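Listed here are the chains, written in short residue letters.
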Amino acid sequence: MDISFQLYSARNFTPWSDVYKTIASLGYTQVEGFGGVYEDPSATKALLDENGLSMPSGHFFPISSFEDGFDTSIAAAKTLGMTTVFCPAPEDDLRNGGDAAAWISLAKRLEEAGKRVNDAGFKFGWHNHHWEFMPLPGGEIAMELLLEHAPSIDWEADIAWIVRGGAEPLAWIERYKGRITAAHVKDIAAEGTCTDEDGWADVGHGTMDWPAIMAALKAQGVNLLVAEHDNPNDLMRFAKRSIETIREL
């Protein structure tokens, strides 16, 4: 299981040249990209190479990045050496809103986008937040609709967001074996703590049962683990403690 680092976690600690140096010094060899590092893909690739880092996966938002913006997104992915790309979130109208028809429509767009991405030589998938697990007006669960109506796409499961959506991650991992190819590894702080970090914690220092979750992911053949914290106040602390925990597990 490869260990990567989602660069969104470090967006408040730029310049990126310093971020890459810090990440590499802690033993990471892979990072996952997001929109904040795609402005000059060639320059980003040079910095990655300089620090012995690779970027096998990346997030591209919104879904139109794989429609009207397809050529630009794929060109960036190729320059950066990616093999897998993910759409990381729905557009604003589906966040805490929308109905089953709207989510099914998104799923069909993802399925079509995935075919184009696959034809270009990349794997393609969806990355979840909590919205996908909160019941829709008719009682449906959006994540179920996405996986049903986009049957060819992979799933990068953000485990902590599954919990924040009120769902049981072990049940979802078991149910969708074979669809989950990567996982975001982050932690939820004990209630009332880490309030300045939006209630997130360093991996292994929160409330998540990572030994059980990691065993389940490994049993299902998940081969990419991505350390993430949505709002850390100390990059070095988060990155160091998290890779240590993941390695121990």
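Please refer to the structure placed before this passage.
Computed from a prediction, not measured in an experiment: that's the story for all the values here. (Residues numbered from 1 in each chain as written. Predicted model: local features only at pLDDT ≥ 70, side-chain atom pairs only at ≥ 80, totals over all residues. Heavy atoms only, no water.)

Before we go on, may I ask you to explain the overall build of the protein chain in this structure?
Along its length, the protein chain carries 9 helices and 10 strands. Along the first, second and third principal axes, the C-alpha atoms of the protein chain reach 50 × 45 × 35 Å. The 249 residues of the protein chain split such that 53% are buried. Partitioning the contacts of the protein chain with sequence separation of at least 6, the portion at a separation of at least 24 is 74%. As displayed, the protein chain has an accessible area near 10,500 Å², and 49% of this comes from carbon and sulfur atoms. (Helix = DSSP H or I, 4+ residues; strand = E, 2+ residues; numbered from the N terminus. Buried < 20%, exposed > 50% of the residue type's maximum accessible area, 1.4 Å probe, protein only. Contact = heavy atoms within 4.5 Å. Areas by Shrake-Rupley, 256 points an atom, 1.4 Å probe, with all protein chains shown as cover.)

Looking at this structure, how should I read the environment of Ser-65?
Note on placement: Ser-65 falls in the loop between β3 (54–59) and α3 (70–79). Looking at Ser-65, the relative accessible area reads 12%, which means it is buried. Sequence separation of Ser-65 and Gly-192 is 127 residues, and the distance between their C-alpha atoms is 38 Å. Sequence-distant contacts of Ser-65, defined by excluding residues within four places in its chain, comprise Phe-60, Phe-70 and Ser-73.

Would you explain the pattern of salt bridges in this entry?
A side chain of one charge can pair with a side chain of the opposite charge if their charged atoms are brought near each other. Evaluation of the coordinates by the stated rule reveals 14 salt bridges. Of the charged contacts, one joins Lys-186 and Asp-230 as a salt bridge, the two residues approaching to 2.8 Å between their closest N and O atoms. Of this pair, Lys-186 sits in the loop between β7 (180–185) and β8 (187–188) while Asp-230 sits in the loop between β10 (224–227) and α9 (235–248); the two residues are 44 residues apart in sequence, bridging distant segments of the chain. Put simply, Asp-158, Lys-186, Glu-228 and Asp-230 are held in one network by salt bridges that share partners. (Salt bridge = Lys/Arg side-chain N within 4 Å of Asp/Glu carboxyl O.)

Can you help me understand the side chain of Glu-111 in this one?
Along the chain, Glu-111 falls in helix α4 (residues 100–119). Although Glu-111 is buried, it forms no salt bridge, and the closest oppositely charged side chain is Lys-115 at an N-O distance of 4.8 Å. Aside from chain neighbours lying at most four places away, what touches Glu-111 is His-149, Ala-150, Pro-151, Ser-152 and Ile-153. (Lys, Arg positive; Asp, Glu negative; His and termini not counted.)

What should I look at first to understand the environment of Thr-29 in this one?
Residue position: Thr-29 is located in the loop between α1 (16–25) and β2 (30–33). Residue Thr-29 is classed as partly exposed on the basis of its relative accessible area of 46%. C-alpha of Thr-29 to C-alpha of Ser-54: the two residues are 25 residues apart in sequence and 6.4 Å apart in space. Leaving out residues up to four positions away in the same chain, Thr-29 has contacts with Gly-52, Leu-53 and Ser-54.

I'm lost on the pairing of strand β5 (residues 123–127) in this one. Help?
Looking along a regular strand, one sees side chains alternate from face to face of the sheet. Of all 5 residues in β5, 4 are buried, a share of seventy percent or more. Pairing geometry for strand β4 (residues 84–87) and β5, over 4 bridges, is parallel. When the sheet's bridge partners are listed, Thr-84 is paired in β5 with Lys-123. Considered for its hand, the β-α-β crossover made up of β4, α4 and β5 is right-handed. Relative to strand β6 (residues 154–158), β5 runs parallel, the two sharing 3 bridges. Bridge assignment links Gly-125 to a residue of β6, and that residue is Asp-154. (Pairing = 2+ DSSP bridges. Right-handed = clockwise from strand over helix to strand, strands pointing away.)

What exactly am I supposed to notice about unusual backbone geometry here?
As a rule of thumb, non-glycine residues mostly have phi less than zero, and peptide bonds are mostly trans rather than cis. Cis geometry marks the peptide bond from Thr-14 to Pro-15; its omega dihedral reads 20 degrees. Structurally, Pro-15 is set in the loop between β1 (2–6) and α1. The omega torsion of the bond from Phe-61 to Pro-62 falls at 0 degrees, within 30 degrees of zero and hence cis. Located in the positive-phi region is Cys-194, a residue other than glycine, with phi close to 55 degrees. Structurally, Cys-194 is set in the loop between β8 and β9 (200–201). Taking the relative accessible area as the measure of exposure, Cys-194 reaches 28% and is therefore partly exposed. With phi around 60 degrees, Asp-198 is a residue other than glycine that occupies positive phi space. Its location among the elements puts Asp-198 in the loop between β8 and β9. On the accessibility criterion, Asp-198 (45% relative accessible area) is partly exposed.

Coordinates in, geometry out; function isn't part of it.
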